[in-house]
Amino acid sequence: MIERWRLETHMFHLPIGETTITLQDVEVLFGLPVDGLPIAYPYALREYTRLHYLEMLQRLTGFQPAEETTLSGASRLQLTPVRQHLEVMDANITDDSSDLLIHWYTILLMLYMFGGVLFPNNSENLVSLRFLHHLERLDDLPGYSWGATVLGYLYRQMCRASMGTQRDIAGLLPLLQVWAWERFLQSQPPLPPIVPDAPPPPFLPLARRRVDRRGYGCEVEARHHLPYYRDLLDLLEGAQFIWRPYSDELIAGLPDYCSIGRVMWSTSVLLMRLDIAEHQATKQVLRQFGRLQLVPTLTAWLRTHYQQDDRSRVDQTYVAWLEA
């Protein structure tokens, strides 16, 4: 799929046309909100040093890394010591634990989730401490467009991977794999059988039905390898690709939070993640929304946009562009 990714359009180019992962996929599959405030780059953090981030981390979580080597650059922290500290805290939490301890545990656990699940990086062991700015205001978190943030981050990682600037793509797999399973008939693993008189599904998004399929790759390892998938994509026919996998009936059976941002699904809003801004060109994939596909206009972003990442401070010109 990465070989089929185009930086100029943020699309997968297939013999049957263009397709991509959209806000609809993120909300229906994972239940992440796609309508709300952007996860912008806070002005207060632009001059933060390593010491500032460590002080903020200790103030909000009570956690202070034992070694300075756990930090990468000024704002990224290794997840291993975070996980070890969470295990110690978990063992000590009881019904009588203070509200402050529970608050510390919650913020640290969400920080770990950001680095390990929502925004994994090449090493799969780093998290940006810039998210502490948003975690400081836990009550405000539901008001942000986390789905758009995750999608923008995925686009950026796909662009870096397709240009060879990122070798490890393990962090891309969960969303990309589930999206492909919902659309490519030839690669779909069988869904778990429906048990008669089974209780209704839990309060989880659509991707829950793929959880039991994690071992699928091992079961068919002899057949599902790189040459096979290349042939599958090269010879793909229209009847083998599902343009609209989410019927109204299916969506109605999901929790409300999986469709509350429906009005945003086919829009072309900017996807913000702190100092990263990505674009989506939904006008090129109108078939995914059941609409007539017209000839799309040219996209506006630069081919070198993927070169900006969170490993260094941004210059004033880029900050001015972000603010605009």
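Peer 1: Looking at this structure, how should I read the sheet that holds strand β2 (residues 11-14)?
Peer 2: Whether parallel or antiparallel, the strands of a sheet pair through hydrogen bonds between backbone atoms. Strand order in the open sheet formed by three strands is β1-β2-β3, and the pairing between neighbours is antiparallel. The two strands at the open ends of the sheet, each matched to only one other strand, are β1 (5-6) and β3 (17-19). Bridge count for β2 against β3 is three bridges, and the pairing is antiparallel. Residue pairing across strands places Leu14 opposite Gly17, the latter belonging to β3.

Peer 1: Any chance you could explain the nonpolar core here in plain terms?
Peer 2: Side chains that are nonpolar tend, in soluble globular proteins, to be buried together. Ranked by size, the top nonpolar core spans 78 residues in total, and within it Leu111, Leu132 and Phe184 carry the most contacts. For this core, the element with the most residues is helix α6 (residues 146-162), which contributes 10 residues. Sequence-distant contacts of Leu111, that is, excluding residues within four places in its chain, are made with Leu57, Val127, Ser128, Leu129, Phe131, Leu132 and Leu135. Counting five residues, the second-largest nonpolar core is a separate cluster that includes Tyr41, Ala277, Tyr318 and Leu322.

Peer 1: Help me out: how do you make sense of the pairing of strand β8 (residues 271-274) in this one?
Peer 2: Regular strands place their side chains on alternate faces of the sheet. For strand β4 (residues 39-40) and β8, the ladder comprises two bridges, and the chain directions are parallel. Across the sheet, the residue bridging to Ile39 is Arg273, located in β8. Of the pairings in the sheet, the one linking β8 to strand β9 (residues 276-278) comprises three bridges and is antiparallel in character. By the bridge assignment for β9, Arg273 is matched with Ile276. Between the antiparallel neighbours β8 and β9 lie one residue.

Peer 1: Which parts of the structure should I look at to understand helix α2 (residues 50-61)?
Peer 2: Note: α-helices contain 3.6 residues per turn, so residues at a spacing of three or four share the same orientation. The terminal C-alpha atoms of α2, which comprises 12 residues, lie 16 Å apart, in line with the 16 Å expected from a rise of 1.5 Å per residue. Tyr53, Leu54, Met56, Leu57, Leu60 and Thr61 are the residues of α2 that are buried. Along the long axis of α2, the arc covered by the buried residues comes to 160 degrees, so they all point the same way. Buried residues belonging to α2 abut β5 (71-72), β6 (76-78), α4 (99-118) and α5 (132-135). Where α2 terminates, the next one or two residues include Gly62, which has phi positive at roughly 70 degrees.

Peer 1: Looking at this structure, I do not really get the pattern of salt bridges. What am I missing?
Peer 2: Under the counting rule described, the total for this entry stands at nine salt bridges. With a closest N to O distance of 2.4 Å, Glu3 and Arg230 form a salt bridge. Here the residue Glu3 occupies a position in the segment before β1, and Arg230 occupies one in helix α9 (residues 226-234), the gap between them amounting to 227 residues. Among the residues examined, Arg230 registers a relative accessible area of 36% and is labelled partly exposed. Where Arg4 meets Asp234, a salt bridge forms, and the shortest distance between an N and an O atom there is 2.2 Å. Of this pair, Arg4 sits in the segment before β1 while Asp234 sits in helix α9; the two residues are 230 residues apart in sequence, bridging distant segments of the chain. A relative accessible area of 46% means that Asp234 is categorised as partly exposed.

Thresholds, definitions, all that
- Residue positions are given per chain, counted from 1 along the sequence in the order it is written.
- Since the coordinates come from a predicted model, pLDDT governs what is reported: local features require at least 70, and pairs of side-chain atoms require 80 or more to be given and counted, while whole-chain, interface and lining totals use all residues.
- Only heavy atoms go into the side-chain values, all of them from the structure, while hydrogens and water stay out.
- What makes two strands pair is DSSP finding at least two bridges between them.
- Only DSSP runs of H or I reaching four residues or more are called helices, and only runs of E reaching two or more are called strands; each is numbered from the N terminus.
- To form a nonpolar core, buried Ala, Val, Leu, Ile, Met, Phe, Trp, Tyr and Cys residues must be joined to one another through side-chain atoms within 4.5 Å.
- Think of it in three bands: residues with accessible area under 20% of the maximum for their type are buried, residues over 50% are exposed, and the middle band is partly exposed, with areas taken using a 1.4 Å probe on protein chains only.
- The criterion used for residue contact is that any of the two residues' heavy atoms lie within 4.5 Å.
- The length a helix should cover is 1.5 Å for every residue beyond the first.
- Directions are taken from the helix axis to each C-beta atom, and the arc is the one they span.
- Each reported salt bridge corresponds to a side-chain nitrogen of Lys or Arg within 4 Å of a carboxyl oxygen of Asp or Glu.

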